[in-house]
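Architecture at a glance
Single-letter residue listing:
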Amino acid sequence: MTAGEPVSLPLEREQGAPGDLEFLIVDRFIGTMVDARALKTAFELGLVDRLLEQRSGSIEALGRALGVDAPGLRLLLDLLAANGVVEERGGDVRLGRRFLDALRYRDLLETKLDFAGFSINDFADLFTALVKEPRGFAGRARMFQLFDYRRCLEPSRENYAQVRTWMRITSTLTRYEALACMQLHAFAGHRRALDVGGNSGEFLLQLCRRHPQLSGTVLDLPLVCDIGMEHVLAEPEASRISFIKADVRSDPLPSGYDLISFKSMLHDWPAEEADRFLAKAAQALPSGGTLLIFERSPLRVREATPPFSLIPTLLFFRSYRAPAEYAARLEALGLHEVVLREIQLDTAFFVLSAKKR
Amino acid sequence: MGNGAPRWDLTAMSSAYCNIATATATRDAVAINLGVTQSGDRAPAEVKPELLHRILLAPRAARHLHQVLGSLLGEYEAQRGELR
């Protein structure tokens with residue numbers, strides 16, 4: 001690669017091969033707010049679980065079991081049928097085949113439902129502010145109150161509760177995004193990884209699960225590490241994952257890691273801060289070590305209206321930087337062999353890697 | 001058993017200090033994972049969780065434990081202040 005010209009290598013997948021990205025099917029069922037709300041109600045009422053257990057049921061039996069009157073159940077089933085969640089034949093209701101496929105990723109499906117539902121008020125009430133007054137939007141949006149990193153510093157019952165709430169969301173999303181990252185970068189050559197802002201350790205957990213030679217350390221704020229240790233405690237890979245309570249804004253990065261990664265972390269910070277984090281990482285790496293950035297690309301919404309499932313992502317649209325910006329910074333830091341690879345998930349993501357000379 | 005408390009057979013008992021506890025539930029059991037944080041092997045600031053015990057509780061026993069712990073911690077915090 002020549003300086004300033006990062007290459008884009010879109011992932012090629014074998015057609016029809018069972019891939020790691022089948023989880024994307026969950027978005028099919030969160031296309032509109034009406035679809036999402038009906039599906040959430042189906043979960044809340046226990047309709048999905050009942051149909052999973054009993055495979056099918058008559059409308060009358062479902063109404064009795066769920067405590068829903070006939071008109072209410074009719075409306076719900078019609079909405080669910082229109083979205084492919086259920087199928088109805090001769091008064092018998094069962095889950096749709098494609099929806100059963102999506103239920104293999106139920107944690108992701110329910111997390112995306114909840115996250116989009118949480119975001120809808122910000123989008124509906126504050127979109128003008130989001131477009132015109134980003135600072136005013138950030139000050140008023142529930143989303144930015146939820147992701148308030150100041151709460152990750154001081155232990156208190158309230159702070160732990162709030163941090164756990166957003167860590168549940170980010171951990172579930174990371175569980176699946178990590179699979180895509182592993183398609184784009186060969187982790188088999190790495191031995192010790194430092195994941196800066198590594199959250200619950202879910203990213204390292206997925207990497208360690210796939211790569212037995214790998215161990216790693218999460219560097220994150222104190223409460224995040226406490227909750228992260230709980231998160232990985234019962235996992236077979238827990239003995240290979242450690243935590244360092246630190247603040248990358250003020251603390252140096254430890255040495256001894258041949259891979260330093262930033263997974264969905266840099267976009268949370270202003271460009272100057274992100275540059276400083278990258279400089280610290282470049283300094284901490286040994287010669288031949290790899291710096292890796294895995295991020296969502298800037299949103300491209302011109303071709304089609306984003307689905308309801310992307311409402312949370314839309315609220316962060318200002319945060320996503322073009323990979324060329326990061327690539328230029330890595331080159332300015334003296335790193336070489338800069339490689340960019342992109343992949344289409346619910347939006348485009350990229351992996352940018354570079355080596356220290 | 002004069003006071004109604006159960007008499008435990010202690011021959012297979014072991015004790016361990018734990019400072020991490022998590023729990024998950026299935027239809028048939030509640031799994032409690034008990035662990036401790038250990039210093040990492042590379043740097044003093046590095047800590048890692050170590051799982052010491054995984055205990056599967058029948059749901060009814062888990063409910064009883066929940067009630068006992070709730071009551072106990074309520075008394076603890078009333079005497080010593082809120083746990084942070």
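Residues numbered from 1 in each chain as written. Chains lettered and ligands numbered in written order. Predicted model: local features only at pLDDT ≥ 70, side-chain atom pairs only at ≥ 80, totals over all residues. Heavy atoms only, no water.

1. Let's talk about the environment of Arg150 of chain A
All names here are of chain A. Mapped onto the fold, Arg150 is located in the loop between helix 8 (142-146) and helix 9 (157-184). For Arg150, a relative accessible area of 65% corresponds to the exposed category. Sequence separation between Arg150 and Leu221 is 71 residues; the distance between their C-alpha atoms is 9.4 Å. There is a polar contact of 3.0 Å between the side chain of Arg150 and the side chain of Asp148. (Helix = DSSP H or I, 4+ residues; strand = E, 2+ residues; numbered from the N terminus. Buried < 20%, exposed > 50% of the residue type's maximum accessible area, 1.4 Å probe, protein only. Polar contact = N/O pair within 3.5 Å; in protein donor to acceptor, adjacent residues only side chain to side chain.)

2. Let's talk about the interface of chain B and chain A
The interface is formed by 20 residues belonging to chain B together with 23 residues belonging to chain A. Counting each side, the surface lost to burial between chain B and chain A is near 1,600 Å², with a carbon and sulfur contribution of 56%. The interface formed by chain B and chain A includes four salt bridges. Taken together, chain B and chain A are joined by six residue pairs in polar contact (both at pLDDT 80 or more). It is strand 3 (residues 46-57) of chain B that contributes the most residues to the side of chain B that touches chain A, seven residues altogether. Counted by class, the side of chain B that touches chain A contains seven nonpolar, four polar and nine charged residues. Note that strand 6 (residues 241-245) of chain A and strand 3 of chain B share two bridges and pair antiparallel. When the bridges of strand 3 of chain B are listed, Ile244 of chain A appears paired with Glu46 of chain B. (Contact = heavy atoms within 4.5 Å. Buried area = accessible area lost by both parts, 1.4 Å probe. Salt bridge = Lys/Arg side-chain N within 4 Å of Asp/Glu carboxyl O. Nonpolar A, V, L, I, M, F, W, Y, C, P; charged D, E, K, R; others polar. Pairing = 2+ DSSP bridges.)

3. Here we look at the packing of aromatic side chains
All names here are of chain A. Going through the model one piece at a time under the given rule, you end up with 14 aromatic pairs over all chains. Centre to centre, the rings of Phe29 and Phe99 are 5.2 Å apart; their planes meet at 80°, and the pair counts as edge-to-face. Residue Phe29 is located in the segment before helix 1 (33-45), and its partner Phe99 is located in helix 5 (residues 97-102); the two are separated by 70 residues in the primary sequence. Taking relative accessible area as the criterion, Phe29 reaches 0% and is therefore assigned buried. Among the aromatic residues, ring-to-ring pairing joins Phe115, Phe137, Phe144, Phe147, Tyr149, Trp166, Trp269, Phe277 and Phe316 into one connected group. Seen from the ring of Phe29, Arg28 lies directly overhead, with NZ or CZ sitting 4.9 Å from the centre. (Phe/Tyr/Trp six-rings, centres within 6.5 Å; stacked < 30°, edge-to-face > 60°. Lys NZ or Arg CZ within 6 Å of the ring centre and 35° of its normal.)

4. With respect to the sheet that holds strand 1 (residues 57-58) of chain A
Residues and elements named next belong to chain A. Taking strand neighbours across the sheet as the criterion, the three strands line up as 1-3-2 in an open arrangement whose pairing is antiparallel. Unpaired on one side and paired on the other, strand 1 and strand 2 (86-89) mark the two borders of the sheet. Pairing analysis gives two bridges linking strand 1 to strand 3 (residues 92-95), with the strands arranged antiparallel. Bridge pairing in strand 3 links Ser58 to Asp92. Sheet strands touched by helix 4 (residues 70-82): strand 2 and strand 3. Its angle to strand 2, the strand with the most contacts, is close to 110°. (Axes fitted to C-alpha atoms, helices over the stretch in contact; angles between N-to-C directions.)

5. Looking at the sheet that holds strand 7 (residues 259-263) of chain A
Remark on secondary structure: sheet strands pair via backbone hydrogen bonds, oriented parallel or antiparallel. Reading across the sheet, the ten strands line up as 9(A)-10(A)-8(A)-7(A)-4(A)-5(A)-6(A)-3(B)-2(B)-1(B) and stay open at both edges, with mixed pairing between neighbours. The open sheet has two edge strands, strand 9 (336-344) of chain A together with strand 1 (20-25) of chain B, and neither has a second partner. Across this sheet, the average inter-strand angle for adjacent strands is 25°, counted without regard to direction. Relative to strand 7 of chain A, strand 4 (residues 192-196) of chain A runs parallel, the two being bridged by three bridges. Directly across from Leu194 of chain A, in strand 7 of chain A, lies its bridge partner Ile260 of chain A. Running over the sheet, helix 11 (residues 222-233) of chain A touches strand 5 (215-220) and strand 6 of chain A together with strand 1, strand 2 (30-39) and strand 3 of chain B and is turned about 165° from strand 6 of chain A.

6. Comments concerning the pairing of strand 2 of chain A
All names here are of chain A. Looking at chain direction, strand 2 and strand 3 are connected through four bridges and run antiparallel. Along strand 3, the bridge assignment pairs Arg89 with Asp92. In this structure, the hairpin formed by strand 2 and strand 3 is closed by a connection of two residues, where Gly90 is found at a positive phi of approximately 55°.

7. Quick look at helix 12 (residues 271-284) of chain A
The end-to-end C-alpha distance of helix 12 of chain A, which contains 14 residues, comes to 20 Å, matching closely the 20 Å that a straight helix rising 1.5 Å per residue would cover. As for helix 12 of chain A, its buried residues are in contact with strand 7, strand 8 (290-296) and helix 14 (323-332) of chain A. (Expected span 1.5 Å × (residues − 1).)

8. Here we look at the confidence of the model for chain A
Considering every residue of chain A, the mean pLDDT works out to 93; 95% of them sit at 70 or more. This model gives residues 1-18 of chain A a pLDDT under 50, and the stretch forms 25 contacts once residues within four places in sequence are excluded. (pLDDT = per-residue confidence, 0-100.)

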